[in-house]
Amino acid sequence: MLMSNTTARAARLHYMANGFRVLSPGDHVVCVASGERIPLDELRYWSVSAQEPYASAEIAMRTIHAK
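Read on for a plain summary of the structure.

Cut-offs used in this document
Residues numbered from 1 in each chain as written. Predicted model: local features only at pLDDT ≥ 70, side-chain atom pairs only at ≥ 80, totals over all residues. Heavy atoms only, no water. Helix = DSSP H or I, 4+ residues; strand = E, 2+ residues; numbered from the N terminus. Buried < 20%, exposed > 50% of the residue type's maximum accessible area, 1.4 Å probe, protein only. Arc of directions from axis to C-beta. Phe/Tyr/Trp six-rings, centres within 6.5 Å; stacked < 30°, edge-to-face > 60°.

### Some words on unusual backbone geometry
Despite not being glycine, Gln51 shows a phi value in the positive range, around 55°. Here Gln51 shows up in the loop between β5 (45-47) and β6 (52-54). Residue Gln51 is classed as partly exposed on the basis of its relative accessible area of 28%.

### Things to note about helix α1 (residues 57-66)
An α-helical turn contains 3.6 residues, so a residue and the one three or four places further along point in the same direction. Listing the buried residues of α1 in full gives Ile59, Ala60 and Thr63. Burial along α1 is one-sided: seen end-on, the buried residues are contained in an arc of 100°. Relative to its buried face, α1 has exposed residues pointing more than 90 degrees away, namely Glu58 and His65.

### Notes on the packing of aromatic side chains
The full count for this structure, using the stated rule, is two aromatic pairs. Joined through ring pairs, the aromatic side chains of Tyr15, Phe20 and Trp46 make up one cluster.

Structural data, given as structure tokens:
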């Protein structure tokens, strides 16, 4: 059986108000501000309008208010 290997590959997501949709499979996304890898099951913070993921609430607030 042929299986796709999504380990160590960044996913491409579409961020929505109550969740996200996976556009390209992977196991993580990269925080736009810190560069930190965020496993998809730990992703909690993002901007719908900017379509950007954040590693923490603090980073999200700091980044959003800086724009």
